[in-house]
Amino acid sequence: PSTEMAASYVWKHCNEEREERPPAAIVQFSNGKLRNADLVDFTLYRNTDLSNPRKKNRRILAAETDRLCYVGNNYGAEALKCNTLCKYYVGVLDKKTRTMNVHNVELFSMQPVIPGETVTEVDALEHKNKSYREKVDSLIEAFGTNKQKRALSSRRLNQVGSEMLHSAVAKAAENVIQKKGLQALERDVAQTEAQQEMSLLPCHADADKLEDVYLFDDIISPAEYEALEVPAQALKELSSEDVLKMREDGSPQVLIQEMQCLPKDEESREHMARCLWYLKQLIKLSSQRRINLKFSLEEGCPRIVVNRFLKTFTMETFSDGRINNTIPSSMKTKIAAYALALLLHIGDFQVDLTLLHRDLQLTENKMLDVARSMRLKIVKKSVLASGDVMEDHKIGVLELPLIMYNQRVERKKRKKMT
């Protein structure tokens, strides 16, 4: 069209999402091109679970002709991936009102449904439960060459031999259980699993230096460390009077202890301030039940730090129609391990475990389990507490060679209430 004619038309975007209407559909047929659209009846189905954010946008499009029926959907393995990568629009020109209505659209790949080939629910469940290898083997049995069928037969014979080996191993294990006792074996398994669960940080046991056992970059990534420059400025500029005021305000004890030892050197003070600010956020995170992207917004927490917390210390749960990032008790143990490793780098590889478990709101036994899993030496030390009272604190010390705990320390049984 001419420039004058094109200029006389108006573009108008129809926001279906605001009106809670499904977007328009553009279809493509897998086995050919559609010659006459008037001969096809289209029906669009939407998921009724509108409260679930993962299901409310699911659509199924059905097309029926005189010869075949076609089905396409926007989710699952058969859905087109381009819908999640791009956003598509289509314009409809109204010559009377001289406006171009622009609609959001989704692409559907229509697959033919052959009559007589419908699958029962039992068959569909069996097909779904089959692995990829089993599905390929079924195709080889039906359409494979003689060479492929011989290879399949040979592999299945080897599989039978492997099952016989597993049977022999199971019989040997049964003999061991009868000889050693089931309770003793369960205790050994529980001990091994507990030690594996407590491996919360990468440990370089063969390191020659203490600072290389738990690498600083594994605790605070270089990108995070760079982003801490601005928020850590407040801690860097605190005076001795400000630290005393923090004690009165109920700030974390382990943080106040380290704040009293801030170095005078500018570079060292900057490094210490960034580490302590990060430690403060870990302690705050341990007291939360769930977090979101607004975590510590008032303290200027960088987005990269919040994303790291969400990825490392939370689990996604679904409730009340929303996806939440919750912090279960197992993640609180992981937070404790990161805080402990960070304090090792700050405090000359010695940490007051008593103060740390109080700040993290963990039991002393749980804190000691974390320290043992990180292969720290645990010693007792008398410390001058508030009110000029001496207290016995547990101190975790990182030494080379690392200590190997062969058995879990037996906890004292609590006296039963009568």
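Residues numbered from 1 in each chain as written. Predicted model: local features only at pLDDT ≥ 70, side-chain atom pairs only at ≥ 80, totals over all residues. Heavy atoms only, no water.

Taking an unreviewed UniProt entry as the reference, the protein is identified by name as RNA polymerase I subunit E belonging to Lepisosteus oculatus. Here is the UniProt Sequence similarities (unreviewed entry) comment for the protein, exactly as written: "Belongs to the eukaryotic RPA49/POLR1E RNA polymerase subunit family." Under the Subcellular location (unreviewed entry) heading, UniProt states for the protein: "Nucleus, Nucleolus". (UniProt positions renumbered as here; feature names shortened; annotations may be inferred.)

J.: Got a minute to help me understand the overall build of the protein in this structure?
T.: Within the protein, the regular secondary structure consists of 16 helices and 13 strands. Within the protein, the proportion of its 418 residues that are buried is 32%. For the protein, long-range pairs separated by at least 24 residues make up 59% of all intrachain contacts whose partners lie at least 6 apart in sequence. By element, 52% of the accessible surface of the protein is carried by carbon and sulfur atoms, the whole surface being about 28900 Å². (Helix = DSSP H or I, 4+ residues; strand = E, 2+ residues; numbered from the N terminus. Buried < 20%, exposed > 50% of the residue type's maximum accessible area, 1.4 Å probe, protein only. Contact = heavy atoms within 4.5 Å. Areas by Shrake-Rupley, 256 points an atom, 1.4 Å probe, with all protein chains shown as cover.)

J.: I keep staring at the packing of helix α12 (residues 266-286) against helix α14 (residues 329-346) and nothing clicks. Help me out?
T.: Two measures define how a pair of helices packs: the angle their axes make with one another and the distance between the axes. One way to put it is that α12 packs onto α14 with a least axis distance of 10 Å and a crossing angle of 160°. Taken together, the axes of α12 and α14 are roughly antiparallel relative to one another. Of the two elements, α12 crosses α14, and the hand of that crossing is left-handed. Where α12 abuts α14, its residues Met272, Cys275, Leu276, Tyr278, Leu279, Leu282, Leu285 and Ser286 lie against Lys332, Ile335, Tyr338, Ala339, Leu342, Leu343 and Ile346. The class makeup of the residues in the contact of α12 with α14 is 13 nonpolar, one polar and one charged. (Axes fitted to C-alpha atoms, helices over the stretch in contact; angles between N-to-C directions. Parallel < 35°, antiparallel > 145°, perpendicular 65-115°, else oblique. Left-handed = near helix turned anticlockwise from the far one by under 90°. Nonpolar A, V, L, I, M, F, W, Y, C, P; charged D, E, K, R; others polar.)

J.: What should I look at first to understand the packing of α12 against helix α13 (residues 303-313) in this one?
T.: Two elements in contact, α12 and α13, have axes whose closest approach is 12 Å; the angle formed by their N-to-C orientations is 45°. Considered as vectors, α12 and α13 are oriented oblique to each other. Between α12 and α13 lies a crossing whose hand is right-handed. On the side of α12, the interface is formed by Tyr278, Gln281, Leu282 and Leu285, while α13 contributes Val305, Arg308, Phe309 and Phe313. Considering only residue class, the contact of α12 with α13 consists of six nonpolar, one polar and one charged.

J.: Looking at this structure, how should I read the side chain of histidine 393?
T.: Summarising the element assignment, histidine 393 is placed in strand β13 (residues 389-397). Given a relative accessible area of 2%, histidine 393 falls into the buried group. Separated by 2.8 Å, the side chains of histidine 393 and aspartate 352 make a polar contact. A polar atom in the side chain of histidine 393 sits 2.8 Å from the side chain of glutamate 391. (Polar contact = N/O pair within 3.5 Å; in protein donor to acceptor, adjacent residues only side chain to side chain.)

J.: I tried to follow helix α16 (residues 364-373) on my own but got confused; where do I start?
T.: Each α-helix winds once per 3.6 residues, and so residues spaced three or four apart point in a common direction. Every buried residue belonging to α16 is among Met367, Leu368, Asp369, Val370, Ala371 and Arg372, and all of these are buried. Against α14, α15 (353-359), β12 (377-385) and β13 lie the buried residues of α16. Count one or two residues on from α16 and you reach arginine 375, which has phi positive near 65°.

J.: Can you walk me through the sheet that holds strand β10 (residues 322-326) in this structure?
T.: Sheet strands line up and pair through hydrogen bonds in the backbone, either parallel or antiparallel. An order of β8-β10-β9 is seen for the three strands of this open sheet, with the pairing classed as antiparallel. The open sheet has two edge strands, β8 (290-291) and β9 (315-319), and neither has a second partner. Relative to β10, β9 runs antiparallel, the two sharing five bridges. Counted as the bridge partner of glutamate 316 is asparagine 325 from β10. (Pairing = 2+ DSSP bridges.)

J.: I keep staring at the nonpolar core and nothing clicks. Help me out?
T.: Burial of nonpolar side chains together is a common tendency in soluble globular proteins. Membership of the largest hydrophobic core comes to 63 residues, with the highest contact counts inside it found for Leu276, Phe309, Leu340, Leu342, Leu356 and Met374. Put simply, the parts of the chain that give this core at least two residues each are α7 (216-219), α10 (240-248), α11 (253-259), α12, α13, α14, α15 and α16. In terms of residue count, the dominant contributor to this core is α14 (twelve residues). What leucine 356 contacts, discounting residues up to four positions off in sequence, is Val254, Ala339, Leu340, Leu343, Val351 and Met367. (Core = buried A, V, L, I, M, F, W, Y, C linked by side-chain atoms within 4.5 Å.)

J.: Can you walk me through the pairing of strand β7 (residues 99-113) in this structure?
T.: For β7, the buried fraction is high: twelve of the 15 residues fall into the buried class. The pairing of strand β2 (residues 24-29) with β7 spans six bridges and is parallel. Within the sheet, the bridge partner assigned to alanine 24 lies in β7 and is valine 105. One ladder, built from three bridges, connects strand β5 (residues 69-73) with β7; its direction is antiparallel. Paired with valine 71 across the strands is glutamine 111, a residue of β7. Direction of pairing for strand β6 (residues 88-94) relative to β7: antiparallel, over a ladder of seven bridges. Residue pairing for β7: aspartate 94 is matched across the bridge by threonine 99. From the end of β6 to the start of β7, which pair antiparallel, there are four residues, and arginine 98 there has a positive phi angle of about 55°.

J.: Teacher, can you tell me more about a nonpolar patch on the surface here?
T.: Together, Tyr45, Ile60, Val71, Tyr75 and Val113 make up a nonpolar patch on the protein surface, roughly 390 Å² of accessible area in all. By the element assignment, valine 113 lies in strand β7. The class of valine 113 is partly exposed, set by a relative accessible area of 37%. (Patch = residues over 30% accessible without salt bridge, like charges linked within 9 Å, V, L, I, M, F, W, Y side chains within 5 Å. Salt bridge = Lys/Arg side-chain N within 4 Å of Asp/Glu carboxyl O.)

J.: Looking at this structure, I do not really get the sheet that holds strand β11 (residues 350-352). What am I missing?
T.: Spatially, three strands are ordered β11-β13-β12 in an open sheet, and the strand pairing comes out antiparallel. In this open sheet, the two edge strands, each paired with only one partner strand, are β11 and β12. Here the strands of the sheet are splayed against their neighbours by 35° on average, with no regard to which way each runs. Taken together, the three bridges between β11 and β13 define a ladder with antiparallel strand orientation. Looking at β13, one finds that glutamine 350 is bridged to valine 397. Running over the sheet, α14 touches β11 and β13 and is turned about 125° from β11.

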